Amino acid sequence: MIDSTSEVKETLQDDTTSGAAEVDFTERYSEVIGKVNETLDKVDWSQVGRIGKASGVLLAVIVAQILIKGVLDTINLLPIVPGLLELLGLVVVGNWSWNNLTTGEKRSAVMAKIQNLRKEYLS
């Protein structure tokens, strides 16, 4: 008989304790949400947009670099392709040099283009 009475008292105490914890949690939750809303109201969202765009571009560049590295590593695993690509690069540079650097006028035109690009993009 004494055991059943003590069990009832423990059950009642657990119910009141959980009810108090539930009220405390609700109050604390509403306080935290209120503070979060105040902080979000103070944020300058135009600046966040710029930061978001910049971080998006940075992420896209990182992903592109990873993909390019994967492709180049795959190409390097093939035995004959890297040598052929080096040869192709030499042929392209030689052809461009022959077409653009053989005479003084062509060299002057190339230097003028370089100076023009430098002024356009660096100043």
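Rules behind the numbers
- Residues numbered from 1 in each chain as written.
- Predicted model: local features only at pLDDT ≥ 70, side-chain atom pairs only at ≥ 80, totals over all residues.
- Heavy atoms only, no water.
- Helix = DSSP H or I, 4+ residues; strand = E, 2+ residues; numbered from the N terminus.
- Buried < 20%, exposed > 50% of the residue type's maximum accessible area, 1.4 Å probe, protein only.
- Areas by Shrake-Rupley, 256 points an atom, 1.4 Å probe, with all protein chains shown as cover.
- Contact = heavy atoms within 4.5 Å.
- Phe/Tyr/Trp six-rings, centres within 6.5 Å; stacked < 30°, edge-to-face > 60°.
- Salt bridge = Lys/Arg side-chain N within 4 Å of Asp/Glu carboxyl O.
- Axes fitted to C-alpha atoms, helices over the stretch in contact; angles between N-to-C directions.
- Parallel < 35°, antiparallel > 145°, perpendicular 65-115°, else oblique.
- Nonpolar A, V, L, I, M, F, W, Y, C, P; charged D, E, K, R; others polar.
- Patch = residues over 30% accessible without salt bridge, like charges linked within 9 Å, V, L, I, M, F, W, Y side chains within 5 Å.

**Some points on the overall build of the protein**
For step 1, the next point in the chain: For the protein, the helix and strand inventory stands at four helices and zero strands.
For step 2, the next point in the chain: Evaluated residue by residue, the protein yields a buried proportion of 2% over its 123 residues.
For step 3, the next point in the chain: Carbon and sulfur atoms form 66% of the exposed surface of the protein, whose accessible area is close to 11,100 Å².

**Structural notes on the environment of Leu101**
For step 1, the next point in the chain: Counting through the fold element by element, Leu101 comes out in helix α3 (residues 81-101).
For step 2, the next point in the chain: Among the residues examined, Leu101 registers a relative accessible area of 34% and is labelled partly exposed.
For step 3, the next point in the chain: Residue contacts for Leu101: discarding those within four places in its chain leaves Trp96, Lys106, Arg107 and Val110.

**Notes on the packing of aromatic side chains**
For step 1, the next point in the chain: The full count for this structure, using the stated rule, is one aromatic pair.
For step 2, the next point in the chain: Judged by centre distance (6.1 Å) and plane angle (25 degrees), the ring pair of Phe25 and Tyr29 falls under stacked. A residue pair is termed a helical-turn pair when its members lie 3 or 4 positions apart in one helix, as Phe25 and Tyr29 do in helix α1 (residues 2-42) at four residues.
For step 3, the next point in the chain: Taking the relative accessible area as the measure of exposure, Phe25 reaches 57% and is therefore exposed.

**Overview of the environment of Lys106**
For step 1, the next point in the chain: Within the secondary structure layout, Lys106 lies in helix α4 (residues 104-122).
For step 2, the next point in the chain: Apart from the residues within four sequence positions on either side, Lys106 is in contact with Asn99, Asn100 and Leu101.

**Topic: the pattern of salt bridges**
For step 1, the next point in the chain: The full count for this structure, using the stated rule, is two salt bridges.
For step 2, the next point in the chain: A salt bridge links Arg28 to Glu31; the shortest N-O distance between them is 3.2 Å. On the criterion of helical spacing, the pair formed by Arg28 and Glu31 is a turn pair, its members being three residues apart in helix α1.
For step 3, the next point in the chain: Under the relative-accessibility criterion, Arg28 is labelled partly exposed at 49%.
For step 4, the next point in the chain: By relative accessible area, which is 42% here, Glu31 ends up partly exposed.
For step 5, the next point in the chain: Note that Asp73 and Lys69 form a salt bridge whose closest N and O atoms lie 2.7 Å from each other. Of this pair, Asp73 and Lys69 both sit in helix α2 (residues 45-77), separated by four residues, roughly a single helical turn.
For step 6, the next point in the chain: Owing to a relative accessible area of 52%, Lys69 belongs among the exposed residues under this scheme.

**Section: the packing of α3 against α4**
For step 1, the next point in the chain: At their nearest, the axes of α3 and α4 sit 7 Å apart, and the two run at 105 degrees to each other. On the basis of their axis angle, the class for α3 and α4 is roughly perpendicular. Along its contact with α3, which presents Trp96, Asn99, Asn100 and Leu101, the element α4 presents Lys106, Arg107 and Val110.
For step 2, the next point in the chain: Taken together, the residues that form the contact of α3 with α4 break down as three nonpolar, two polar and two charged.

**Some details on a nonpolar patch on the surface**
For step 1, the next point in the chain: The grouping of Val32, Val36, Leu40, Trp45 and Val48 at the surface amounts to a nonpolar patch, some 430 Å² of accessible area in total.
For step 2, the next point in the chain: The element contributing the most residues to the nonpolar patch is α1, with three residues.
For step 3, the next point in the chain: Here Trp45 shows up in helix α2.
For step 4, the next point in the chain: In this structure Trp45 comes out as exposed when scored by relative accessible area, which is 53%.

Purely spatial values, then, with no claim about function.
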